[in-house]
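Residues per chain are reported as follows:
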Amino acid sequence: MRNLLVFGGSSHPELTAAVCHRLGIPAGKTKLSKFSNNETSVEMQESVREQDVYIIQTGCGTVNDMLMELLIMLNACKVASAKRITAVIPYFPYSRQADMPYKSSAGAPLASLPPQTPRHERLRNHNEEDVSRQLMHKLAKVSLESQGQGSAYRQWIARSGTLVADLLTCAGADHIITMEMHDPQFQGFFDCPVDNLISSPLLIKYIRQEIPDYQNLVIVSPDAGGAKRATAIAEKLRMDFALVHKERRQISTQKRDLMLVGDVRGRNVLLVDDIADTTYTLSRAARMLRENGACKIYALVCHAILSGDAVRNIEESDIDELVVSNSIPQGDHVRNSSKIKVFDVAPIFAEAIRRTHFGESVSMLFDPSFDLL
């Protein structure tokens, strides 16, 4: 391919090599290192003038270092007069921090917005103080008592997702290719085109080829947020569907009970989710499915971060097999757990790069029925 250069950051060199091998081109030469004070040093060892440049860097490991390395590489290609620069980010960092409601207790994200305050229907008495003013006085008093200081300050959360989008575009990215953003509205933060690829074609291919008797499986979403993704796969493969629903029984508390919607007794089940970090959600859902009579439990995850004790949690959980993509390096995880299997996402990223380079449509990559060879 003429006028095409694919560079890879230090986050996932194996994926960069696999993508370049599928495209039939060598990876671009770079020298990535750190100074003694841990500052990132980037040296592009090939000319990018008037070239179509793609830089592959995923959000894993030391995420902030990988992000800074990507920004420096983007800017290096920009000042070196690259014709077009595309950031290929298989797992997009900070995509879970797109929009987080305020929690008054500790400034942490809420699972859902609090219920709306009911309207006061009684006619207001002119002798009474305004209800809203009374409420503000009470909130200020509680805040002062809890903080033990003279000035009230409302805690809030910085929405770093918007900042990351601005950093990438300012550094020189003309186009973003990623996969399965946790919050789809994140694309709206960018001033450049964003192709948010879906993993459904690869998941469906793996199910058909690697899972025996998959027609009799029950597809299960571990939470309501992933129901759309799971039902799309269930409809394509004509499989039954179930949902693990978090039901809050007491409005005054944040504690929620799990409730299974569907029948899994005596059936093999397949949990489908986009991200597995601590694996707490998957483990709880698997335990509930086992208690409801499920036989063998599979779990398919697009981005397996598996931080902290996640691998040990998987080993001790009721999950019999966890299938993850290589959007994040999985070598250490596979060595530490016999339950973890890996499927390759290099084909879909290579095809996206090829189509973008030649000006072809990438719409078929969003079709679950599209089959990559």
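Counting of residues starts from 1 at the beginning of each chain's written sequence and follows it residue by residue. In keeping with the model being predicted, local features are shown solely for residues with a pLDDT of at least 70 and side-chain atom pairs are shown and tallied solely at 80 or more, while totals for entire chains, interfaces and linings include all residues. Remark: hydrogens and water are excluded; side-chain values derive from all non-hydrogen atoms of the structure.

Colleague: Would you take a moment to explain the overall build of the protein chain for this structure?
Modeller: From N to C terminus, the protein chain includes 10 helices and 14 strands. Within the protein chain, buried positions represent 45% of all 373 residues. Counting only contacts in the protein chain whose residues sit at least 6 apart along the sequence, the fraction spanning at least 24 positions is 64%. Note on areas: these come from Shrake-Rupley sampling with a 1.4 Å probe, and a residue is covered only by the protein chains present in the view. By element, 50% of the accessible surface of the protein chain is carried by carbon and sulfur atoms, the whole surface being about 20,000 Å². A run of DSSP states H or I qualifies as a helix once it reaches four residues; a run of E qualifies as a strand once it reaches two. Both are numbered from the N-terminal end. Partly exposed describes any residue whose relative accessible area lies between the buried limit of under 20% and the exposed limit of over 50%, with all areas from a 1.4 Å probe on protein chains only and scaled to the type maximum. The contact criterion used is simple: two residues touch if any of their non-hydrogen atoms lie within 4.5 Å.

Colleague: Before we go on, may I ask you to explain the pattern of salt bridges in this structure?
Modeller: Where charged atoms from two side chains of opposite charge approach closely, those side chains can pair. Here, a salt bridge means any Lys or Arg side-chain nitrogen found within 4 Å of an Asp or Glu carboxyl oxygen. Counted by the stated rule, this structure contains 14 salt bridges. Among the ionic pairs, E351 bridges to R355, the shortest N-O distance being 2.8 Å. Of this pair, E351 and R355 both sit in helix α10 (residues 346-357), four residues apart, roughly one helical turn. Like E351, the residue R355 is buried in the burial classification. Connected via shared salt-bridge partners are E351, R354, R355 and E360.

Colleague: Quick question: what am I supposed to make of the packing of aromatic side chains here?
Modeller: To describe a pair of aromatic rings, one takes the distance between the centres and the angle between the planes. The criterion for an aromatic pair is that two Phe, Tyr or Trp rings (for Trp, the six-membered ring) have centres within 6.5 Å, with stacked assigned to planes under 30 degrees apart, edge-to-face to planes over 60 apart and tilted to the rest. Taken as a whole and judged by the stated rule, the model has five aromatic pairs. Each ring, one from F186 and one from F190, has its centre 5.9 Å from the other, and the planes form 50°; the classification is tilted. Each ring, one from Y206 and one from F343, has its centre 6.3 Å from the other, and the planes form 45°; the classification is tilted. Of this pair, Y206 sits in helix α5 (residues 200-210) while F343 is found in strand β14 (residues 340-343), placing the two residues 137 residues apart along the sequence. Taken together, the aromatic side chains of F92, F186, F189 and F190 make up a single cluster linked through ring pairs.

Colleague: Whenever I open this one, the nonpolar core confuses me. Can you help?
Modeller: Across soluble globular proteins, nonpolar side chains have a tendency to be buried as a group. In terms of nonpolar packing, the biggest core is built from 43 residues, with V19, I211, L270 and F349 touching the most fellow members. Tallying contributions element by element places α10 first for this core, with six residues. Contact partners of F349, with chain neighbours within four places excluded, come to V19, V88, P90, I177, T178, M179 and L197. By nonpolar core is meant a set of buried Ala, Val, Leu, Ile, Met, Phe, Trp, Tyr and Cys residues that side-chain atoms within 4.5 Å join together. The next biggest cluster of nonpolar side chains, apart from the first, holds 28 residues, and it includes L271, L282, M288 and A304.

Colleague: Please explain the pairing of strand β11 (residues 269-276) as it appears in this structure.
Modeller: Two faces belong to every sheet, and in a regular strand the side chains alternate between them. In terms of burial, β11 is largely enclosed, as eight of its eight residues are buried. Pairing between strands requires that DSSP locate at least two bridges from one strand to the other. With three bridges joining them, strand β8 (residues 218-221) and β11 adopt parallel strand pairing. By the bridge assignment, V220 is partnered in β11 with L271. Here a crossover is taken to be right-handed if, once the strands point away from the viewer, the path from the first strand over the helix to the second is traced clockwise. Regarding topology, helix α7 (residues 280-291) serves as the crossover connection from β11 to the parallel strand β12 (residues 297-304), and that connection is right-handed.

Colleague: How should the sheet that holds strand β1 (residues 4-8) be read in this particular structure?
Modeller: Within a sheet, neighbouring strands are paired by backbone hydrogen bonds and run either parallel or antiparallel to one another. The strand order across the open sheet formed by five strands is β1-β4-β5-β6-β7, and the pairing between neighbours is parallel. Of all the strands in the sheet, the pair left with one neighbour each is β1 and β7 (194-197). Neighbour to neighbour, the strand axes of the sheet diverge by 15° on average, direction disregarded. Where strand β4 (residues 52-56) lies against strand β5 (residues 84-89), five bridges are found, and the strand directions are parallel. Bridge pairing links D52 to R84 in β5. Each of β1, β4, β5, β6 (175-179) and β7 is contacted by α10, which is oriented at about 155° to β6, the strand it contacts most. Every axis corresponds to a line fitted to the C-alpha atoms, with the helix fit spanning only the stretch in contact, and the corresponding angles, defined between N-to-C directions, vary from 0 to 180 degrees.

Colleague: Help me out: how do you make sense of α5 in this one?
Modeller: In an α-helix, one turn spans 3.6 residues, which is why side chains three or four residues apart end up on the same side. Residues of α5 that are buried include every one of S200, P201, L202, L203, I204, Y206 and I207, and no others. In the core, the buried residues of α5 are packed alongside α6 (227-237), β11, β12, β13 (321-325), β14 and α10.

Honestly, it's all geometry; don't read function into it.
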